Amino acid sequence: MIQNLMNMKIRNYGCITKPGLLLVHPALPHKPRLIFASSIGVPSNHGKRIGYITRLQYSVADRTSVSHSANSSLSKVDTTHLEQRQGGSSSLYTRPSILQMKNQRAENRARVYEFLKGIGIVPDELDGLELPVTVEVMRERVDFLHKLGLTIEDINNYPLVLGCSVKKNMIPVLDYLGKLGVRKSTFTEFLQRYPQVLHASVVVDLAPVVKYLQGMDIKPNDIPRVLERYPEVLGFKLEGTMSTSVAYLVGIGVGRREIGGVLTRYPDILGMRVGRVIKPFVEYLESLGIPRLAVARLIEKRPHILGFGLEERVKANVESLQEFDVRETSLASIIAQYPEIIGIDLQPKLLNQRNLLNSALDLGPEDFPTIVERMPQIVSLGKTPILKHVDFLKDCGFSLQQVRQMIVGCPQLLALNLDIMKFSFDYFQKEMGRPLDDLVAFPAFFTYGLESTIRPRHQMVAKKGLKCSLSWLLNCSDEKFKERMNYDSIELEEMEMVSSFDMNTLMEPRSDESASDYEEDSDDEYA
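Cut-offs applied
- What you see as residue numbers is a count from 1 along each chain, following the sequence as written.
- Residues qualify for local features only when their pLDDT is at least 70, as the model is predicted, and side-chain atom pairs are given and counted only at 80 or more; totals for whole chains, interfaces and linings, by contrast, use all residues.
- As a rule here, side-chain values come from all non-hydrogen atoms in the structure, and water together with hydrogens is ignored.
- Helix and strand definitions here come from DSSP, where helices need a minimum of 4 consecutive H or I residues and strands a minimum of 2 consecutive E residues; each element is numbered from the N-terminal end.
- A simple rule labels every residue: compare its accessible area, found with a 1.4 Å probe on the protein chains alone, to the largest value its type can have, and call it buried under 20%, exposed over 50%, or partly exposed in between.
- Computed with a 1.4 Å probe, the accessible areas rest on the Shrake-Rupley method; for each residue, only the protein chains presented here act as cover.
- Expected span of a helix: the number of residues minus one, times 1.5 Å.
- It only takes one pair of heavy atoms within 4.5 Å for two residues to be counted as in contact.
- The term salt bridge refers to a side-chain nitrogen of Lys or Arg lying within 4 Å of a carboxyl oxygen of Asp or Glu.
- The criterion is simple. A nonpolar core is a set of buried Ala, Val, Leu, Ile, Met, Phe, Trp, Tyr and Cys residues joined through side-chain atoms within 4.5 Å.
- Pairing of aromatic rings covers Phe, Tyr and the six-membered ring of Trp, with a centre-to-centre limit of 6.5 Å; geometry is then stacked below 30 degrees between planes, edge-to-face above 60, and tilted otherwise.
- Disulfide assignment relies on a single distance test, namely cysteine sulfur atoms paired within 2.5 Å.
- Every residue carries a pLDDT, the predictor's confidence in it, which falls somewhere between 0 and 100.

S.K.: Describe the overall build of the protein chain, naming the residues involved and giving the relevant values.
M.R.: Regarding its fold elements, the protein chain presents 26 helices and two strands. When burial is assessed residue by residue, the protein chain has 39% of its 527 residues classed as buried. Summing over all exposed atoms, the protein chain offers an accessible surface of approximately 30300 Å²; the carbon and sulfur share of this is 52%.

S.K.: Give me helix α15 (residues 310–323): which residues, what numbers.
M.R.: The end-to-end C-alpha distance of α15, which contains 14 residues, comes to 18 Å, matching closely the 20 Å that a straight helix rising 1.5 Å per residue would cover. Buried within α15 we find Leu310, Val314, Asn317, Val318, Ser320 and Leu321. Looking at the packing, one finds that the buried side of α15 touches α13 (274–287), α16 (331–337), α17 (346–361) and α18 (367–374). One or two steps after α15, the chain reaches Asp325, where phi turns positive at roughly 70°.

S.K.: Which residues make up the pattern of salt bridges, and what values go with them?
M.R.: Going through the model one piece at a time under the given rule, you end up with 13 salt bridges. A salt bridge links Glu228 to Arg183; its shortest N-O distance comes to 2.5 Å. Pair noted here: Glu228 is in helix α10 (residues 223–229) and Arg183 is in the loop between α7 (166–180) and α8 (187–193), with a separation of 45 residues, a long-range link. For Arg183, a relative accessible area of 44% corresponds to the partly exposed category. As a salt-bridge pair, Asp345 and Arg313 come within 3.7 Å of each other at their nearest N and O atoms. In this pair, Asp345 sits in the loop between α16 and α17 while Arg313 sits in helix α15, placing the two residues 32 residues apart along the sequence. By relative accessible area, Asp345 is classed as partly exposed at 46%. You can call Arg313 partly exposed: its relative accessible area is 28%. One connected set of salt bridges, linked through shared partners, spans Arg183, Arg225 and Glu228.

S.K.: Hey, could you go over the nonpolar core for me, with residue numbers and the actual values?
M.R.: Core analysis: the biggest nonpolar cluster contains 143 residues, and Leu162, Leu198, Leu213, Leu234 and Phe445 have the highest contact counts within it. Apart from the residues lying within four places of it in its own chain, the contact partners of Leu213 are Ile218, Ile223, Val226, Leu227, Val233 and Leu270.

S.K.: Run through the packing of aromatic side chains, naming residues and quoting values.
M.R.: Counted by the stated rule, this structure contains eight aromatic pairs. Here the aromatic rings of Tyr230 and Phe236 are separated by 5.9 Å at their centres, their planes lie at 50°, and the arrangement is tilted. Since its relative accessible area comes to 25%, Phe236 is described here as partly exposed. By the ring-pair criterion, three or more aromatic residues cluster together here, those being Phe398, Phe425, Phe428, Phe445 and Phe446.

S.K.: Which residues make up the state of the cysteines, and what values go with them?
M.R.: A full pass over the atoms with the stated rule returns zero disulfides. Residue Cys476 stays outside any disulfide, its sulfur separated by 9.5 Å from that of Cys468, the closest cysteine. Residue class for Cys476 comes out buried when judged on its relative accessible area of 17%.

S.K.: I'd like a rundown of the confidence of the model for the protein chain, residues and numbers included.
M.R.: Looking at the protein chain, pLDDT values average 81 and 76% of them are 70 or higher. Here residues 1–91 is a poorly scored stretch, pLDDT under 50, and it has 56 contacts once near neighbours within four places are set aside; other chains count.

S.K.: Could you give me a rundown of helix α20 (residues 400–409), with the residues and numbers involved?
M.R.: Within α20, the full set of buried residues consists of Gln402, Val403, Arg404, Met406, Ile407 and Val408. Those residues of α20 hidden inside the fold are in contact with α17, α18, α19 (383–395) and α22 (436–441).

S.K.: Provide a residue-level description of the environment of Lys482, including the pertinent values.
M.R.: Note that Lys482 resides in helix α25 (residues 478–484). With a relative accessible area of 58%, Lys482 lands in the exposed category. Considering only alpha carbons, one finds Lys482 and Met460, 22 residues apart in sequence, at a separation of 9.8 Å.

S.K.: Pulling in residues and values, what's your account of unusual backbone geometry?
M.R.: Even without glycine at this site, Asp325 takes up a positive phi of about 70°. Within the fold, Asp325 resides in the loop between α15 and α16. Positive phi, normally seen in glycine, also occurs at Asp362, with a value near 55°. In this structure, Asp362 sits in the loop between α17 and α18.

S.K.: Describe in detail the environment of Gly343, supporting the description with residues and values.
M.R.: Mapped onto the elements of the fold, Gly343 is located in the loop between α16 and α17. Sequence separation between Gly343 and Leu306 is 37 residues; the distance between their C-alpha atoms is 9.5 Å. The residues contacting Gly343, other than those within four sequence positions of it, are Phe308, Arg313 and Asn317.

Now the structure itself:
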């Protein structure tokens, strides 16, 4: 029986090859798997076969102990890997755990915060913002911002600027602005007003806005001036406030060809909401008696008036004018002549000017509001030029009463160039030979050019032998004066012409030339 069993086993294992490596799979301890890495032919010697069978039987019999040994070995390997993952080994392949990484980031941020606090920056708003890992990189950002002129106070006003990389954000944006023509000397104020620009993408955010401005007929050379005056425009959406404000202005009569000049002189319009700012302002001026088209012309010439606060400034100034006895019917004319009057701190100016003129001219109660109605710029004239002009007229031989009458009749006398007035007065006395009362009756004589108007017209009248008033001589256009030279006599009504501001002049058709050279308007019209 035993011999048969041995013969059967020999037949069964007759083809067994010599294993090069015996592995026991730990997952199946009761049914070990035999894996051979290589094989070598085994001789068919009977004795040797019995030896192999015996060793094989021994291996099968002891499979449990082998399995336990393998499991123990593998457990040690797993333990070693776990220790390596937990930082317990100095292996080059060690990786920190998520918790360790989180703690390390917290420690880095704490050091950065400590640095910022040490130089006076409050980091409270920086939580959640990606910041440099090291203090050295943060110091580099702060130093770069200092070089741009920003102070610690400026950074505290917008601490999120510390999240901008010098190389990835700041330098590309500043290079782009410089290529557009924005002056480096304006970078400090530019960034103080709109530091958010340092977060912007040149291609995605900035370039489309510049292209839009050029599409509004703003000349390329004027683009940098627009950005310097109103850097916030770089943060606007193209289809938002910018487009609606421009569309509304065109709708009330602002010329399309004038839009470029309007936006160049006052780009803040691009950020104004129509319903909250522009439309209420326009409608209020209309309620005072200024036609809508005239308002549009005022905006073309002085677009900054849209920035006057309607409730806190404009309406308050109109009330001040009425408190000083300016007639309600004259308010439209006053604003049309001098739009700045609704945007300045008017109340104290009115009080000071009334006291000054009262002391210099002994005005009557109705004289000061009349002066304001005829030349609203009087509220902005300084004390010294006013007194010099009063003294000049007195030196010409006019009495105080005559000087008062002349100034009330033509307040512009107080703002004219004194040298030109002297030349005109000398010609009046020596060449025209008229009495001073003629100047008292028509003080606007001094507002006409001596060589362009006074001298040639006087010579023509003298040659024809006509006697006329200064008003008939001067208060008309050149075309009208040529017609008068054909008259045989002077009609009375033409001698009584009185000059006054005509609102219709604001609504006259434009010339073919556009006023889009974008030159700054001067308020010194009488200097």
